[in-house]
Amino acid sequence: MVLTRARSISDHDGDEEFVNSTFASRYVRCPLPKWRMPEQSVPKEAAYQIINDELMLDGTARLNLASFVTTWMEPECDKLIMASINKNYVDMDEYPVTTEIQNRCVNMIANLFNAPVGDSEAAVGVGTIGSSEAIMLAGLAFKRKWQQKMKAQGKPYDKPNIVTGANVQVCWEKFARYFEVELKEVKLREGYYVMDPEKAVELVDENTICVAAILGSTLTGEFENVKLLNELLTKKNKETGWDTPIHVDAASGGFIAPFLYPELDWDFRLPLVKSINVSGHKYGLVYAGVGWVVWRSKEDLPDELIFHINYLGSDQPTFTLNFSKGSSQIIAQYYQFIRLGFEGYKNIMENCTANAKFLKEGIEKTGRFEILSKDIGVPLVAFSLKDSSKYTVFNISDSLKKFRWIVPAYTMPADAQHIAVLRVVIREDFSRSLAERLISDIGAVLKELDAITAQIVSSTTAHVSVIGGSLVKKSEREIQEDVTKHWKCFVNEKKTGVC
Ligand SMILES: Cc1ncc(COP(=O)(O)O)c(C=O)c1O
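Fair warning: this is a prediction, and the values are worked out from it, not measured in the lab. (Residues numbered from 1 in each chain as written. Predicted model: local features only at pLDDT ≥ 70, side-chain atom pairs only at ≥ 80, totals over all residues.)

1. Considerations on the pairing of strand β7 (residues 246-249)
Then, number 1: Along β7, one buried face is formed by Ile 246 and Val 248 and the opposite face, lined by His 247 and Asp 249, is buried too.
Then, number 2: Where strand β6 (residues 208-214) meets β7, four bridges bridge the pair, whose relative direction is parallel. The partner of Ala 213 across the bridge, within β7, is Val 248.
Then, number 3: Running through helix α7 (residues 226-240), the crossover from β6 to the neighbouring parallel element β7 is right-handed.
Then, number 4: As paired strands, β7 and strand β8 (residues 273-279) are joined by four bridges and run parallel to one another. (Buried ≥ 20, exposed ≤ 12 C-beta atoms within 10 Å, placed from the backbone. Helix = DSSP H or I, 4+ residues; strand = E, 2+ residues; numbered from the N terminus. Pairing = 2+ DSSP bridges. Right-handed = clockwise from strand over helix to strand, strands pointing away.)

Structure, rendered in structure tokens:
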């Protein structure tokens, strides 16, 4: 019980005070201010309790299977995070150790991605808020390099474009719109949900600032074939005299491939790969708020994008979109690197992959789903219903909420938008026993939806229509339409109370 020292409700001068339980105080019977800052203060205990209680209605982060972002860290790291929560990262002169820790992380990531840097040579890269900021920075570097080249050749430089698959994460669309670069997307097709390297290279022209490949598609976890892209683009560059580079969006896969598939060529081992981003807060195993971008070499990051400030102390080069930001996430990233080491990351990624396999097999056993994710890729299971005529993956996603699972359902991008899938991301903290529970809850949901559908079918009709005073048997299609109509009514009734 939280005790709070609060003013009496009848005491408007505020002289008379009493000690009371928060739940016996006036604070729990007044609505919380939503539009204007309140005139008066409330005791800290009451503020804490009221906000904490409202937050109880949020979903449970660890049961949120929609997200790639870390939901569990060791308590020792939580301590480090809290100890540095008041440090502004940008004050590098004041917090030189934090800056040094960031640089160590950049070096470790660049080495992990096989950047051509010597043993004690500083790598080129920066910590960001996440992969989105990292991608904006990488994109800006490509755009500026391309502009410089076109200017030097006396050619127009006002129509840059970037080539990606239609499966890219929304941050690429943001980059294109915010920084005025045309997004040329390779369309998907049924059964093929990643960028086809041949089609991507066909789209490349003299105004292409780069081709972006994804190591771990957000939609299905599948790794795109960066090696083949590098080969095809090298050939095209040779034929045309262009030098179109590659960026790899390794938001999720950057901390998976090096540990599980060290032989896979996707990183700086491929000469056209000039920059790579990775989310520290996904399989880098840190709470939300950290990403990384690394460049192959200094030459790939135009100097004119780097700002030098000196008003916080010494000369500080910065290349970020935001100025101030917290230090905790960077410190937490370093904690994970030294705490887990290569061995620890490998073990965790192996566990995630084994649990994803187990879940996939359980889902397959229902006989009702087609699996769209691949065994090699980000540990997730993406699956679609084989038969969506009676209910859809959206109904399944809705029904799973009753068991407190958050499993997203979505449609694929163009030209596979008729495919709707469910996706379960396997994170470090999704153990085998949770996977077992999820399989059994999916089974229960299917049973329930089947029963409802059967009920609807029998209640809809005697499968006959009255035409001209006589009974005529309905066609299969008419029955199906009846079922769909009643199903929609049922769902709407659940959502709105009206049918
Ligand atoms: C492939 C890919 N790129 C970029 C992003 C954006 O990452 P962040 O949330 O770290 O900004 C995501 C997020 O899911 C992603 O899956």
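2. Re the packing of helix α2 (residues 75-83) against helix α9 (residues 328-365)
Then, number 1: With their axes 8 Å apart at the nearest point, α2 and α9 run at an angle of 150 degrees to one another. It follows from the interaxial angle that α2 and α9 lie roughly antiparallel. The handedness of the crossing between α2 and α9 comes out as right-handed. Residues Cys 77, Leu 80 and Ile 81 of α2 form the contact with α9, whose own contacting residues are Ser 328, Ile 331, Ala 332 and Tyr 335. (Axes fitted to C-alpha atoms, helices over the stretch in contact; angles between N-to-C directions. Parallel < 35°, antiparallel > 145°, perpendicular 65-115°, else oblique. Left-handed = near helix turned anticlockwise from the far one by under 90°. Contact = placed C-beta atoms within 7 Å.)

3. Quick look at the sheet that holds strand β4 (residues 161-165)
Then, number 1: Spatially, the seven strands line up as an open sheet ordered β3-β9-β8-β7-β6-β4-β5, and their pairing is mixed. This sheet does not close on itself; its edge strands, each paired only once, are β3 (124-128) and β5 (182-186). Here the strands of the sheet are splayed against their neighbours by 20 degrees on average, with no regard to which way each runs.
Then, number 2: Here helix α3 (residues 96-112) sits on the sheet and contacts β3, β8 and β9 (291-295); the angle it forms with β3, its principal contact strand, is near 120 degrees.
Then, number 3: Contacts from helix α5 (residues 170-178) reach β4, β5 and β6 within the one sheet, and its direction differs from that of β5 by about 145 degrees.

4. Section: the sheet that holds strand β15 (residues 420-425)
Then, number 1: Spatially, the four strands line up as an open sheet ordered β12-β13-β15-β14, and their pairing is antiparallel. Edge strands, defined here as strands with exactly one partner in the open sheet, are β12 (369-371) and β14 (409-411). Across the sheet, the axes of successive neighbouring strands diverge by a mean angle of 35 degrees, strand direction being ignored.
Then, number 2: Along the sheet, α9 makes contact with β12, β13 (380-385) and β15, crossing β13 at roughly 15 degrees.
Then, number 3: Across the sheet, helix α10 (residues 393-400) lies against β13, β14 and β15, angled at about 35 degrees from β15, the strand it touches most.

5. A short note on the packing of α3 against α9
Then, number 1: Running from N to C, α3 and α9 cross one another at 50 degrees; their axes reach a closest spacing of 9 Å. In terms of their interaxial angle, α3 and α9 are classed as oblique. The two elements α3 and α9 meet at a crossing, and its hand is left-handed. Where α3 abuts α9, its residues Thr 98, Ile 101, Gln 102, Arg 104, Cys 105 and Met 108 lie against Ile 330, Ile 331, Gln 333, Tyr 334 and Phe 337.
Then, number 2: Partitioned by chemical class, the residues of the contact of α3 with α9 number seven nonpolar, three polar and one charged. (Nonpolar A, V, L, I, M, F, W, Y, C, P; charged D, E, K, R; others polar.)

Function cannot be read off these values alone, since they describe shape.
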